[in-house]
Amino acid sequence: MTPAVIQLAAEAAERQSAEVTSFGARMAWVIGLAVFVAFVYWLMRQGWKWRGALQNDLPELPAAPDGLPEHRLALTGRYHGSTTAGQWLDRIVAHGLGLRSRVELTLTDAGLDVVRPGANDFFVPAAQLRGARLDKGIAGKVLTEGGLLVVTWAHGDKLIDSGFRSDRAAEHAAWVEAINLMNQSITTEGAER
């Protein structure tokens, strides 16, 4: 063989296209992956339902009474969920408390009114409020230090932490102070009786 023939053979080998993958094999992988993802989502949904069934002893959430007194504070923001008090990863899903949503919070002398468009609204009577604090996280949501307003309240025989984030985070400190002062005055009144 002459060098020219060898060079032509090498050029022909370089111009040869890569092997074409089988369309059927590729579709089988795509379908298999889609079935796997659907199965994982189904398992997550079953876990959510199971958690709700375990928490079905939680009483229905109270609704806001008619004719609430004038509000002390109001804010709009996000509701990030509720957990068992002191256990920031133990999400409560019963009665829609696990659903994140927009929120309009109103603090009155009667209690805390939580209005959630697209989710269940609820009301926390003043006597059930146990306190408030700034925190950095609650079940599935972690923010900067002090970026979350956490309100602790009693419902049935359970203490619950609910996490909120205002559209204006500077409001959080006023909420903590107001709820803690309100709780302190209710505790003092109860002790005097």
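First things first, this report covers the structure right here in the doc.

The rules we used
- Residues numbered from 1 in each chain as written.
- Predicted model: local features only at pLDDT ≥ 70, side-chain atom pairs only at ≥ 80, totals over all residues.
- Heavy atoms only, no water.
- Phe/Tyr/Trp six-rings, centres within 6.5 Å; stacked < 30°, edge-to-face > 60°.
- Helix = DSSP H or I, 4+ residues; strand = E, 2+ residues; numbered from the N terminus.
- Buried < 20%, exposed > 50% of the residue type's maximum accessible area, 1.4 Å probe, protein only.
- Lys NZ or Arg CZ within 6 Å of the ring centre and 35° of its normal.
- Core = buried A, V, L, I, M, F, W, Y, C linked by side-chain atoms within 4.5 Å.
- Contact = heavy atoms within 4.5 Å.

## Some thoughts on the packing of aromatic side chains
Now for step 1: If you walk through the whole model with that rule in mind, you get four aromatic pairs.
Now for step 2: Between Tyr79 and Phe164, the aromatic rings sit 5.5 Å apart at their centres with planes inclined by 55°, giving tilted as the arrangement. Remark: Phe164 occurs in strand β10 (residues 158–166) and Tyr79 occurs in strand β1 (residues 71–84); sequence separation between them is 85 residues.
Now for step 3: With relative accessibility at 0%, the residue Tyr79 sits in the buried group.
Now for step 4: Ring pairing ties together the aromatic residues Tyr79, Phe122, Trp153 and Phe164, which thus form one cluster.
Now for step 5: A cation over an aromatic ring shows up here: Arg116 above the ring of Tyr79, its NZ or CZ 4.5 Å from the ring centre.

## A closer look at the nonpolar core
Now for step 1: In this structure, Leu105, Leu112, Leu149 and Val151 are the most contacted members of the largest nonpolar core, which totals 27 residues.
Now for step 2: Going through the elements one at a time, β1, β3 (101–108), β4 (111–115), β5 (122–125), β6 (129–135), β9 (148–155), β10 and α3 (172–192) are the ones with two or more residues in this core.
Now for step 3: Top contributing element to this core by residue count: α3, with five residues.
Now for step 4: Ignoring any residue separated from it by four or fewer positions in sequence, one finds Leu105 in contact with Leu73, Ala74, Leu75, Leu112, Asp113, Val114, Leu149, Phe164 and Trp175.

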